Amino acid sequence: MATAGAPNIAPAGTSSNPILDYVQNNDNDVLGNNLTLRSLEIDATGAQTTVQPATLRDEFTQEFLNSIMNGLGMLDDQGRLSTFFAPTTVTLSVIGLRNHPDEGKFIGFLGDLLNGVHFDYFIKTQNPCPFQPIANTILCLAADDIHAQALQHNGQDRFTVGPHQAGDAGVTLTHSRKIFKIPFTLLQQFMAIPDDADVTLYFWVTIFPLIQAENMETEMKSLIDYFRVAATLDTAASTSSLVWNNAAAMPTPIGRNADVIERRTSQLKRSFPTIFVDRAAASQVQQMGAMAAAQDRHNAVAQEQLNFMKNQKAAEKLSKILKVTHGAPQLDLICRMLLKANLQDLPKLWRDLFDAKDTTARDEILNRALRETAFQERLEVPHIMPGTADKLLQAYWHMVSSDEPETGSACNPFQWCPAKRMAKDAQDTAKIYSKGNIKVTAEEQKALEKSTLFFCHLDHMENLIRHGYLLWLTLTGGDKAHPVVKFLSEYRGKIGGNRDRIERFPLRDSSDRDIIGVLIQIKLAKELEGWSRAQVMKKPAPILNGDLIIDVVTDQSGNSNGWEPWTSTLGTIKADYGESLKVFRSAGRRPATWGLQDDLTVVGTLTDNVSRFGMVSAVGGNQTWQDDVSHIPEEIAPRAPAMPRARAPRAPAPAPAPPSRERTRTTEVINWATDADLGRTWKNSSAQCGAVKQAAKRGEHEVPPLPKSSVAGHTSDPMCLNWSVLHKCNAECNEAYDHVEQSAEKKEELKKWVLEHASKVPARQRRRRRGGNQAANE
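Keep in mind it's a predicted model, so treat the numbers as computed, not measured.

Looking only at helices and strands, the protein chain has 27 helices and 15 strands in total. Within the protein chain, buried positions represent 50% of all 778 residues. Here the protein chain displays about 37300 Å² of accessible surface, and carbon together with sulfur accounts for 50% of that area.

Listed below in structure tokens is the structure:
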């Protein structure tokens, strides 16, 4: 970026650019410094003094006919600048072409000349019309304040300020159009803006000081106001600007329109004879051939400008993607997790996920990509837990907290294997110890299927890590240099190679010896969590420890405290997933003579070749069971008498297990448009959402109903308390319709309600339950 007052402009007389040569010569400035852009100014109060679009187009046309060279600038939906020179109205009727379809259209040529040929574009005057004022006024800082902030900007993100609220110091209501006029005196500065530059930042750092130096801030108020609006966010979650133009509003090339070409060429030669030489000797075929080449060049330029959105053949593509990811911050996080510079660099898999119609379709796309990766790597095909694709698109990839092991995805080994593999994997583990006598009861199968966690035995840890490796390799598009892919690729064989040392190494609790695999999953989750959190915080990521656990059990680290992480995750698993964990442990310990077949026994054999991991996994779901496990019918045929044999007396049946406290699987959604003051107000009330919502719903403790939602169709329904005060909720919430960005008025209304009523709910009703967060719909 050039420094203030020193724009990157080619020296006069050395450029091969005819337009730049022309505007660098001050003798060509017909108006000199006697110019004004006041006709483009807009009264922020909405008064009728604002000049109408038709009048502005007539003004441009008169200036063109009087040989005044100026430009018209527009920013597209990515903030890229397009500059159109010598804009004017097409008047084919003066040469006898009555009722021509292009009569009255507004045109200008884009960029410089190519082999003496210009590229004319139709600039739209309706549906939509960029000459019209933007829909809303916006509070903006003064120009000097924005200039000062621009000089301090040194990040990679787009330069923005705001959003501002009424009453903020130094802000005023500002209005603008979606186009701006570039006077002759500034044309060379705008032509010098690099293609990949942040145009708004460039204006405030480089061009605005030149306007100040010429003392022309009053004359160029409309230009300055345009870039005040361009730099100011209208909402905290905004990823664009009010003055940007979508693809439908941008000018389109006139193509091979012979009538317009002939008339336009004649006018340009008359107004600017030093630029547009007499080409009368050129044949019509040559001229049309040149225009065809120009059209081809335009197609290439347009493809480059629209980039990802053009590839998707839809101008609203980015908006759809942001809807899928629940906002720009998550989309930015996905790029950082994959170490990609921007959306366009993401592998094709992600474009397919963005386009998918629903959760099931996204999971199918991810499973298909996993199969392709496994085939290329000559490895067994892995599968994912239902909903994994949505977790990747909408939430953090690591375990959100130690007490929520069901959260996260690619950085949480408890989420690396699918649900319905549970019973088969339990049978596979039991088979190792039972010499073929595989038995898993119907109750055990049901308990495992209700879990949302995947448990792994030490014997099969290498398979689990290989699964994570294939998942990451798929997500990165086969990038084996990615640090997580490289870590998992090198680490997957180390656990198996040191199995005996790990199994013999002292544990803090020797009774956990049979779930060493689960402890390793926790350790691995914490390691990957550190890397993932660094990406979230935009900090340098730590180097992943390729000798994790191995450095301790081989006595190389000097760590006398062992390798187990100090975390509450294991306690949470035992408390909240005790029933499925108990079945998992039972399958691993089961001896060869365990149990005889009875009416509750489920017998199965591993006949498919999908996955033979010796792991137990489970999740809630409604998929159809796909193996050859068969339940014993209600009427059982008589059995053949068994030969008597000596056997030890069976131990008495264990006492019934306490009721399960399994969690219902939910999908967390984040409110990125948070209100810190409202959050603090709620925190200071020491209230709990579930109890307060129930009191408001039932009218208990003199608590009135919650404020009503502002969402159309739900104005009689309550706001979602979790979404606004905790800044997060579940996608399954009964008030999910209210998961939108709230207006300042609704935030203030809810804040007042919290201050007056939240503390009325007695403490006994606000006691937090052990084992996790309250459900969103309590």
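There is more to say after this.
In this model, the protein chain carries a mean pLDDT of 76, and residues with pLDDT of at least 70 account for 73%. Predicted confidence in the protein chain is weakest over strand E11 (residues 601–603), with a mean pLDDT of 29, and strongest over helix H17 (residues 483–491), with 93. Counting contacts from residues 279–286, a segment whose pLDDT is below 50, to residues more than four positions away or on other chains yields four contacts. Contacts from residues 434–438, a stretch scored under 50 in pLDDT, to residues over four places away or in other chains number 11 contacts.

Before going further, it helps to spend a moment on the nonpolar core. Membership of the largest hydrophobic core comes to 80 residues, with the highest contact counts inside it found for Trp 350, Trp 397, Trp 472, Leu 475, Ile 495, Ile 502 and Trp 563. With 10 residues, helix H20 (residues 516–536) is the single largest residue contributor to this core.

Attention shifts here to the pattern of salt bridges. A side chain with one charge can pair with a side chain of the opposite charge if their charged atoms come near. All told, the structure shown has 22 salt bridges when counted by the stated rule. Of the charged contacts, one joins Arg 680 and Asp 677 as a salt bridge, the two residues approaching to 3.9 Å between their closest N and O atoms. Remark: Asp 677 and Arg 680 occur in helix H24 (residues 676–685); sequence separation between them is three residues, near one turn of the helix. Classification of Asp 677 as partly exposed rests on a relative accessible area of 31%. By sharing partners, the salt bridges in this structure join Asp 157, Asp 332, Arg 336 and Lys 538 into a single network.

Turning our eyes to something else, we now look at the state of the cysteines. Throughout this description, disulfide means a covalent bond between two cysteine sulfur atoms. A full pass over the atoms with the stated rule returns zero disulfides. Free of any disulfide, Cys 689 has its nearest neighbouring cysteine sulfur in Cys 720, separated by 7.7 Å. Residue classification places Cys 689 among the buried residues on the basis of a relative accessible area of 5%.

Take the pairing of strand E3 (residues 106–110) next. Along E3, five of the five residues are buried, which leaves the element largely enclosed by surrounding structure. Inspection of the sheet shows strand E2 (residues 81–89) paired to E3 by four bridges, in the antiparallel sense. Its bridge partner being in E3, Phe 84 is matched across the sheet by Leu 110. As defined by bridge partners, E3 adjoins strand E4 (residues 120–123) across four bridges and the pair is classed as antiparallel. Each bridged residue has a counterpart across the sheet, and for Phe 109 the counterpart in E4 is Asp 120.

Criteria and thresholds
Residues numbered from 1 in each chain as written. Predicted model: local features only at pLDDT ≥ 70, side-chain atom pairs only at ≥ 80, totals over all residues. Heavy atoms only, no water. Helix = DSSP H or I, 4+ residues; strand = E, 2+ residues; numbered from the N terminus. Buried < 20%, exposed > 50% of the residue type's maximum accessible area, 1.4 Å probe, protein only. Areas by Shrake-Rupley, 256 points an atom, 1.4 Å probe, with all protein chains shown as cover. pLDDT = per-residue confidence, 0-100. Contact = heavy atoms within 4.5 Å. Core = buried A, V, L, I, M, F, W, Y, C linked by side-chain atoms within 4.5 Å. Salt bridge = Lys/Arg side-chain N within 4 Å of Asp/Glu carboxyl O. Disulfide = S-S within 2.5 Å. Pairing = 2+ DSSP bridges.

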